[in-house]
Amino acid sequence: MRARRSRAGSWATTVGLGLLFPLAWLLAYLPAPLGLAVGRRIGDALWWLLPRRRRVALDNLRRGLGQELSAEARRRLARRSFQHVGMNLVEDCRYFLRPTDVMLSRVRMEGEERLRAAADRGRGVLILTAHYGNWELLAAAHGLSGLPLSIVMRPLDHPLLDDLAARFRRRSGAELIIKERAVREILQALRRRRMVGILLDQNATRSEGVFVPFFGTPASTSKGLAILALRTGAPVVPVFLRREPGGGHCMEVGAELAAPSDGDVVAFTASFNREIEAAIRRAPEQWLWMHARWRTQPREAVP
């Protein structure tokens, strides 16, 4: 019975993708201002169509900004974050279905010299980033620096959707590293002096993560990036793509994050969360608040 339901779900997803493809083409060719306006309306629709994600976003904002914003302000911010997801969807259609320079022409870079200084050390570069701004476009924006990039990604549940996503992401020239076999491939990429992008803002399982503060609340965060950096000596550089008011994007390259002299994995991981939080605070509506970031709880916090 379970296998039958799985096949039925897979078939339904395939049919749905076939029906959505013409819509994606339409969105891709809308004028940019109109496309973003349509994207905001798509986000409004998602706000009502995804009640579970809406509750998660509101709960995350209560945890993270409950002491700083009223309940009404948090609700407005949550809705704006859904609208931002809608704008990302429209822009991703434009990037994936049109020549890449259509979107890349709207991206500028700040701090390129920091990226090059880290690359010149010859150990590869570990890129710390998050589901912030248009993170799919960030993978393509690496071309502005001329430095080779590999991306660690989790396979999508539906094979057809996963294949489409991988095919589109390779348009940027980036290599894809599947999370399940990531360690060996990351080490190989670093030996080839590549940049390796890692999204570190998602909930980690108890075995994979350590609990470090995120917006003042302990959050299970993957310790893999800290271990890789300490093991290889590769520099960790924060890079985020922030949407700007005029419809463009700024690729912000931060200063290299210094590794603790005592090799403390927990302290190093905490510094990553501080960097991600600082980026989010610059434009909080641009983070993926609908992700269950605090799903894994410290044992003493579990009833």
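Residues numbered from 1 in each chain as written. Predicted model: local features only at pLDDT ≥ 70, side-chain atom pairs only at ≥ 80, totals over all residues. Heavy atoms only, no water.

Our next topic: helix 10 (residues 224-232). Within helix 10 the residues assigned to the buried category are Leu225, Ala226, Leu228, Ala229 and Thr232. All buried residues of helix 10 fall inside an arc of 165 degrees around its axis, so they share one side. Turning to helix 10, the residues buried within the fold contact strand 2 (125-129), helix 9 (182-191), strand 5 (195-199), strand 8 (236-243) and helix 11 (265-282). Where helix 10 terminates, the next one or two residues include glycine 233, which has phi positive at roughly 80 degrees. (Buried < 20%, exposed > 50% of the residue type's maximum accessible area, 1.4 Å probe, protein only. Helix = DSSP H or I, 4+ residues; strand = E, 2+ residues; numbered from the N terminus. Arc of directions from axis to C-beta. Contact = heavy atoms within 4.5 Å.)

Where helix 9 meets helix 10, the axes come as close as 12 Å, and the angle between the chain directions of the two elements is 40 degrees. Judged by the angle between their axes, helix 9 and helix 10 are oblique. Here helix 9 and helix 10 pass one another in a crossing that is right-handed. Contacts from Val183, Ile186, Leu187 and Leu190 of helix 9 reach helix 10 at Leu228, Arg231 and Thr232. For the contact of helix 9 with helix 10, the class distribution of residues is five nonpolar, one polar and one charged. (Axes fitted to C-alpha atoms, helices over the stretch in contact; angles between N-to-C directions. Parallel < 35°, antiparallel > 145°, perpendicular 65-115°, else oblique. Left-handed = near helix turned anticlockwise from the far one by under 90°. Nonpolar A, V, L, I, M, F, W, Y, C, P; charged D, E, K, R; others polar.)

On to helix 3 (residues 51-65), then. Between its first and last C-alpha atoms helix 3 spans 20 Å; for 15 residues at 1.5 Å apiece the expected length is 21 Å, and the two agree. Among all positions in helix 3, only Arg54, Val56, Ala57, Asn60, Leu61, Gly64 and Leu65 are buried. Axial view of helix 3: buried residues confined to an arc of 160 degrees, hence all on one face. Pointing more than 90 degrees away from the buried face of helix 3 are the exposed residues Arg52 and Arg55. In the core, the buried residues of helix 3 are packed alongside helix 2 (32-49), helix 4 (71-97) and helix 11. (Expected span 1.5 Å × (residues − 1).)

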